[in-house]
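Chain by chain, the residues run as shown.
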Amino acid sequence: MASHPELQGFQVDSIVEQLSPNAQVYVVGGAVRDALMGRTSSDRDWVVVGASVHHMLAAGFTPVGADFPVFLHPRTQGEYALARTERKSGHGYKGFTFHADPSVTLEEDLARRDFTVNAMAMTAQGDLIDPFNGLLDLQNKCMRHVSPAFNEDPLRVLRLARFLARFLDFSVAEETMTLCRQLRDSGELKFLVPERVYAELNKGMGEAKPSRMIKFISKLNAWAELAPSCPVPFSSFDEPEYDCLNSRYSAEERWVYSLGFFLDIPHIKALAKAWRVPRNTEDLSVVAQQCIAFLQRQESDPGSFCQFFNQVDLYRKPARLLQVNQLVAQINGVKPANSFVDKAVAEVEQGHYKTFLADKIASALPGEQVAQVAANARQAWVNELHSKFF
């Protein structure tokens, strides 16, 4: 155990001081790793050694769940976990039995973690505790598992993939790749709940270079395990597609590009259902596919534009179409049709279409169906706008 200039330590507050005299509190995991890398970390994970559930409750901590030894600090709401060990008891990342009591040591707790670079701890004085040589792997830019128990948790494959999307010059230890292949072959990846699969992939999509995450999973041949019976867009990616993906500005844009530009609508919906993709992202991806298909047909007459606007629900959701149209134009190049779509969106958002429709309804003949009047009005409005634009 030695002090490191990068580790500033922490102040033990009055709440923590109320724990058992034998209790020791450490910062662990990503916050320690990031500090040693000179990176800022948004939060801290805390481990408490030598304390019981009773000690935590008596000090004012609030339990997160009935069966999980994690507690919230009453003032900061930071998560403090009792040191624990775990044993595989079922399938998936939830299939574990935990054991937490004052006898569990810090090293035992760190031994259950995924990678050596995440299995380091820091004392209040800024001393580093590194029983698994995480600092050496950090210096060598290597992602290495802590123990063979790595392959008991299939989620760690996805965590490794998204870490590669963040740490761009890190490689994976060959023995860790071997364990990942064993996890793939075991069928455990199929037991990951869809929401968790999407959550990990979405985190990777928000990192600096999501192409590294996708390439890792592709190299592992794991997509069929993660999305059974569903096509994934990444199978057709090559360097231009990866470069385009990385150049997008947000995780959502990257999803819309990946889904809407490479899958048809039934496949978008199937994969969205399989991974529980948020409805807004699914809708944007569908509209992107519709927009691309329309542009590929090169239909520029007002009747075709009117059908397209109805299809993508321009009149109720203009902002959604604007967002997608701009993304398509950025990636595929601006065409006259893109500019006309922007013009139509602006007219709707400024209320011009609503005024036009209201006038048509007001002047409708007795007995005319409102729905038919509205349909005719939409076509007349597009005709007028089209004649002024082209």
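This text follows the structure it describes.
Residues numbered from 1 in each chain as written. Predicted model: local features only at pLDDT ≥ 70, side-chain atom pairs only at ≥ 80, totals over all residues. Heavy atoms only, no water.

Caption draft 1: Spatial organisation of the environment of lysine 269. Considering the arrangement of structural elements, one finds lysine 269 in helix α12 (residues 265–275). Looking at lysine 269, the relative accessible area reads 38%, which means it is partly exposed. For the pair lysine 269 and cysteine 142, spaced 127 residues apart in sequence, the C-alpha to C-alpha distance is 37 Å. What lysine 269 contacts, discounting residues up to four positions off in sequence, is Glu282 and Val286. (Helix = DSSP H or I, 4+ residues; strand = E, 2+ residues; numbered from the N terminus. Buried < 20%, exposed > 50% of the residue type's maximum accessible area, 1.4 Å probe, protein only. Contact = heavy atoms within 4.5 Å.)

Caption draft 2: Focus on helix α18 (residues 370–389). Along its 20 residues, α18 runs 28 Å from first to last C-alpha, staying within 8% of the 28 Å computed at 1.5 Å per residue. Listed in full, the buried residues belonging to α18 are Val373, Ala374, Ala377, Trp381, Val382, Leu385 and His386. At its buried positions, α18 is contacted by α14 (302–311), α16 (336–349) and α17 (352–362). (Expected span 1.5 Å × (residues − 1).)

Caption draft 3: Focus on α12. For α12, the set of buried residues is Ile268, Leu271, Ala272 and Trp275. In an axial view of α12, the angular spread of the buried residues amounts to 105 degrees, which keeps them on one side of the axis. The exposed residues of α12 that point more than 90 degrees off its buried face are Pro266 and Lys273. Looking at the packing, one finds that the buried side of α12 touches α7 (194–205), α9 (223–226), α11 (251–260) and α13 (279–297). Near the N-terminus of α12, the side chain that reaches the backbone nitrogen of histidine 267, with its oxygen 3.0 Å away, is that of aspartate 264. Trailing α12 by a residue or two, arginine 276 shows a phi angle of about 60 degrees, which is positive. (Arc of directions from axis to C-beta. Polar contact = N/O pair within 3.5 Å; in protein donor to acceptor, adjacent residues only side chain to side chain.)

Caption draft 4: Up close: the side chain of asparagine 246. Along the chain, asparagine 246 falls in helix α10 (residues 239–247). At a separation of 2.9 Å, a polar atom in the side chain of asparagine 246 contacts the side chain of serine 211. The residues contacting asparagine 246, other than those within four sequence positions of it, are Lys209, Pro210, Ser211 and Arg254.

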